[in-house]
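Here's the letter readout for the chains.
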Amino acid sequence: MDNLIHDILDNDLLFGKDKEELIVGAYQLSDTHIRLFFRREGSVLYRDDPFYPFFFLSEETVLSGFVPEDKKKFWLVRLQGNNFYQYLAIFSSWKTFRAGLDFINAKKITTARMPGDSGHEDESSLTYSKGDAVTQYFLQTGKTLFKGMLFDDVHRLQLDIETYYKPGRRDQGKNERFSDEIIIVSLSDNRGMEVVIHSRNCSEKELLERVVETISRMDPDVIEGHNIFSFDLPYLQRRCDQHGVSFSIGRDGLVPKTYPSSIRFAERSLDFTFFDIPGRHVVDTLFLVQSYDVSKRSLQSYGLKAVAKHFGFASPHRTYIDYEDIASTWDTDHEKLLAYALDDVIETRELSGMLSGSNFYTAQMLPYTYAMTSRLGPAAKIEALFVREYLRQKHSLPKPSSGQQYMGGYTEVFLKGILGPVVYADVESLYPSIMLSYDVCPKSDALRVFPVVLRDLRDLRFKAKHLVTEYRNGKNTALADNFDAMQGSFKILINAMYGYLGFQGGIFNDFSEADRVTSTGQSIARKMIAEFESRGCRVIEVDTDGILFIPPPGVTTEEDERKLVNEVSGRMPDGINIGFDGRFRKMISYLKKNYALLDYNNRMTVKGSSLSSRSNEKFGRDFIRKGFETLLAENIAGLHDLFMDYRRKIMDHELDIAEFSRSETLKSTPEQYLEDVRAGRRAKSITYELVLRAGGGFSKGDRITYYISGSGASSSFFDKGRLASEWNRSKPDENTAFYLKRLDEHCQKFLPFFKPQDFSTIFSADTLFAFSPEGIEIIRETRNISPETAGNNDIL
DNA sequence: AGCTGTGGCAGGGAGG
DNA sequence: CCTCCCTGCCAC
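Residues numbered from 1 in each chain as written. Chains lettered and ligands numbered in written order. Predicted model: local features only at pLDDT ≥ 70, side-chain atom pairs only at ≥ 80, totals over all residues. Heavy atoms only, no water.

A. Molecular detail of the pattern of salt bridges. Inspection of every chain in the model, using the stated rule, returns 36 salt bridges. When the shortest N-O distance is used, the salt bridge between Arg535 and Glu567 registers 3.0 Å. One end of the pair, Arg535, is in the loop between α17 (511-534) and β18 (538-543); the other, Glu567, is in helix α18 (residues 558-570), and 32 residues separate them in sequence. A relative accessible area of 22% places Arg535 in the partly exposed class. (Salt bridge = Lys/Arg side-chain N within 4 Å of Asp/Glu carboxyl O. Helix = DSSP H or I, 4+ residues; strand = E, 2+ residues; numbered from the N terminus. Buried < 20%, exposed > 50% of the residue type's maximum accessible area, 1.4 Å probe, protein only.)

Structure below.
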């Protein structure tokens, strides 16, 4: 158990099919044998067998911990995958894959189960075939795990297509979208190859043939693209079909298999068609970006160009062409379009290089392929680590417990208003630290794997981080980056372990342990508050593991502040450390989880859904931001001017569609929405009504950008939505009354900082008298009276 | 086909 | 008007 993770790294456990009687997992024991785990009558048995595709029964072993009469207590592994044979033919690298093939050929094995078999009939009903079919099937199902390899050593190819867009056609709906011709396919790889194949001098059919030939010749391990599952691959496949070109981009000339799949990012989920390319892994960088944004929440758009700019690897000489202009650019300046297409794949390469590394190293720890790992959520990965260790120790697995978690983080605002100076301190890795220091372990974890995995992951991360520093100092950037990606993969798993405890479907879930983690977190937060207060700090806000406070008068320099934080950190329980995490000149404290911070370089950051949300109109976000800056500068006349400026722009239709449109993500299918509305399960909504009226062309996961049209501030607007693309600058029909109402709603954010009378003077257009800030005072500080605090006051 | 958690705010439809 | 409830988005 000491070397759990290393053991995991050295063995391949692969999951099988989720059916009643069959194989639930397998190790690759050696080049010639695998160990198969299978279940029968409630228990898990295993046997060691010669290599797939043949296996013979040897002795069966019952796993420990299983109580046959107590079926409720133990359950067998919850399985993944759609065809366990597919998973059995997974090898550590393409080299061992070839060795397996040679093994089959050397032994002259001529029978195998064929693709399409459901795989769970009894032996007598199996379909066997001869000769080449074995080889074919072997290849068809083959995947590599990249055990022990460095990310840089794997051959990754990036792919992007451009189509000749005929205006008006795409808007007809999804079914029409394959009618455009492919004019450019750009390819690059991580070994410096960059090519653009285009149809300037050849037919589309010849273009497609060259693409298939090029990919086969390059023979990459991984194919990457931005939105590749929903656009590039299905498009290429469709056009190949139409031209009678074999879409054989898999290894050994095999064609991809497709099946519908879906992926979830926090609260949103989206459907896509998964492309399983034999012998290769497909990675969609759009998924990587969205997954990244779940924790960072820093991206405005998930489009390739926007992301490249955000991360700072967009070339300053990069060619930009609007979507609608692709066809005309192709006609007038095709060299420019070729440059544009090449920039796309180069940016995809950069993006993947930055975000893929941690998935790559996670895959080396898990019984999932690299492509699978890059699409899986964190809970599945955690569970896989546990299941793998249980099967290795030949122990049966528990069943998920039912119930729910009751507690979460502690959040409180003590002071509101305009405050400063401010220090931000936070408990380092609060939940993982608690789980380690307070010996948290699910009650169903009979082997007590949970704390061991957590500790090992932490130690491994520490070692990996150490290596990053070492290689950075030694100027070995490539190796440093690799180890940075590796420590990142450990970090993701460490942070996911708490969430897993409260996960309904987790077989090792334990809601009371999850509650123990959060309630311990709450008392640590309270202790932290008390310690800072007793040193003369005035606490502004606490949220879960972080605290914002005004240091006492004597503490003025950063050094003083750090010393203070250190002192409090020393007073915390063993294993719990508080770190200094920033200092600010001023802060606007508005509500829980909603505030603005002004640093010592006078840069302001705004946090919270009520102050800066992507679902708000851009003009509203700008108004609040500028308003807060003005407020921090205590410029009252400036606030009034700002309000008047926006009011005039709205009334004179001076705002551009980008400033007053709103965007929302479709979280269910339009059909599901209709169904729910009919059943009275949900109310009507502008976005879905809009999509239904547009008649197709939109699906789950799409972002709808719309505005409110018409006139009059009626009480409901669900039928007044228009797509942003329908807006006409020369005939602006946005609903002025609605947007003035929205402006007023945004003004409400400034209400707490003024007396009611002053507030209405500043944010009104009364022209009877010229506006004067005379006599208006900013309310600098309000003590927040929460129910809890109010109770304490009564006692006092 | 696969799935990490709670806490908090805003907006809008529905119905009294 | 108001409250209730749902959805969407965000902090941690």
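The discussion continues.
B. Inspection of the packing of aromatic side chains at higher detail. For the structure shown, the criterion picks out 30 aromatic pairs. Ring geometry for Phe660 versus Tyr707: centroids 5.8 Å apart, planes at 80°, classification edge-to-face. Pair noted here: Phe660 is in helix α21 (residues 657-660) and Tyr707 is in strand β25 (residues 703-708), with a separation of 47 residues, a long-range link. We note that Phe660, like Tyr707, is buried. (Phe/Tyr/Trp six-rings, centres within 6.5 Å; stacked < 30°, edge-to-face > 60°.)

C. Broad picture of the sheet that holds strand β21 (residues 586-591). Read across the open sheet, the five strands follow the order β23-β22-β21-β16-β27; overall the sheet is antiparallel. Of all the strands in the sheet, just β23 (604-607) and β27 (781-783) have a single pairing partner and so form its edges. Across the sheet, the mean angle from the axis of one strand to that of its neighbour is 15°, orientation sign disregarded. Bridging between β21 and strand β22 (residues 594-598) involves five bridges; their strand directions are antiparallel. Among the inter-strand pairings, Ser589 is bridged to a residue of β22, identified as Tyr595. Those strands touched by helix α19 (residues 618-632) are β16 (415-419), β21, β22 and β23, and its axis lies near 125° from that of β23. (Pairing = 2+ DSSP bridges. Axes fitted to C-alpha atoms, helices over the stretch in contact; angles between N-to-C directions. Contact = heavy atoms within 4.5 Å.)

D. Seen up close, the packing of helix α15 (residues 449-473) against helix α16 (residues 477-501). As a packed pair, α15 and α16 sit with axes 8 Å apart at the nearest point and diverge in direction by 155°. What the angle tells us is that α15 and α16 run roughly antiparallel. In this structure, the crossing between α15 and α16 has a hand that is left-handed. Residue composition of the contact of α15 with α16, grouped by class: 17 nonpolar, two polar and seven charged. (Parallel < 35°, antiparallel > 145°, perpendicular 65-115°, else oblique. Left-handed = near helix turned anticlockwise from the far one by under 90°. Nonpolar A, V, L, I, M, F, W, Y, C, P; charged D, E, K, R; others polar.)

E. Geometry of the protein's contact with DNA strand C. In the vicinity of DNA strand C, 19 residues are found, and the nearest of them are Asp545, Lys593, Tyr595, Arg614 and Lys667. With respect to DNA strand C, the backbone of Gly608 contributes an N or O atom lying 3.2 Å from a phosphate oxygen. Each residue belonging to the surface near DNA strand C can be placed in one class, and the counts come to two nonpolar, seven polar and 10 charged. (Near = heavy atom within 4 Å. Polar contact = N/O pair within 3.5 Å; in protein donor to acceptor, adjacent residues only side chain to side chain.)

F. Fine view of the protein's contact with DNA strand B. Near DNA strand B lie 35 residues; those nearest to it are Leu376, Gly377, Ala379, Lys592 and Ser610. Between DNA strand B and Pro378, the relevant distance is 3.4 Å, taken from a phosphate oxygen to a main-chain nitrogen or oxygen of the residue. Within the backbone of Gly408, a nitrogen or oxygen atom sits 3.1 Å from a sugar or linking oxygen of DNA strand B. Elements supplying a minimum of two residues to the surface near DNA strand B: α13 (378-392), β21 and α24 (736-747). Ranked by residues supplied to the surface near DNA strand B, first place goes to α24 with four residues. A breakdown of the residues in the surface near DNA strand B according to their chemical character gives 14 nonpolar, 13 polar and eight charged.

G. Summary view of the side chain of Ser199. Checked against the element boundaries, Ser199 lands in the loop between β10 (194-198) and α5 (204-218). For Ser199, a relative accessible area of 11% puts it in the buried group. Every residue in contact with Ser199, bar those within four places of it in the chain, is listed here: Glu181, Ile182, Ile183, Leu207 and Trp330.

H. A look at α24. Over its 12 residues, α24 extends 16 Å from the first C-alpha to the last, a length consistent with the 16 Å expected when each residue adds 1.5 Å. Of all the residues in α24, the buried ones are Phe738, Tyr739, Arg742, Leu743, His746 and Cys747. Those residues of α24 hidden inside the fold are in contact with α19, α20 (636-651), α21, β24 (662-665), β25 and α25 (756-762). Two or three places before Ala737, at the start of α24, stands the capping residue Asn735, its side-chain oxygen 3.1 Å from that residue's backbone nitrogen. (Expected span 1.5 Å × (residues − 1).)

I. Inspection of the confidence of the model for chain A at higher detail. Here chain A averages 78 in pLDDT, and 76% of its residues register 70 or above. Put simply, helix α2 (residues 84-88) is where chain A has its lowest mean pLDDT, 37, and α18 is where it has its highest, 96. The low-confidence segment residues 1-23 (pLDDT under 50) makes 92 contacts with residues lying over four places distant or belonging to another chain. A low-confidence stretch, residues 108-138 stays under pLDDT 50, and its non-local contacts, those more than four residues away or across chains, total 57 contacts. (pLDDT = per-residue confidence, 0-100.)

J. Geometry of the nonpolar core. Ranked by internal contacts, the top residues of the largest apolar core, which has 60 residues, are Phe386, Met435, Leu457, Met497, Phe532, Ile547 and Phe549. Each residue touching Phe549, except ones within four places of it in the same chain, is listed here: Pro421, Val422, Val423, Ala425, Phe532, Cys537, Arg538, Val539, Ile540, Leu564 and Val565. Counting residues in hydrophobic clusters, the runner-up holds 48 residues, among them Ile657, Val691, Ala724 and Ile778. (Core = buried A, V, L, I, M, F, W, Y, C linked by side-chain atoms within 4.5 Å.)

K. Expanded view of the sheet that holds β18. Reading across from one edge, β15-β18-β19-β17-β20 is the order of the five strands in this open sheet, with antiparallel pairing throughout. Single-partner strands in this sheet number two, and they are β15 (411-413) and β20 (578-584). With strand direction ignored, the average angle separating the axes of adjacent strands in the sheet is 25°. In the sheet, strand β17 (residues 422-427) pairs with β20 via five bridges, with the strands oriented antiparallel. Among the inter-strand pairings, Val427 is bridged to a residue of β20, identified as Ile578. Where α17 meets the sheet, it contacts β17, β18, β19 (546-550) and β20, and its direction lies at approximately 15° from that of β19.

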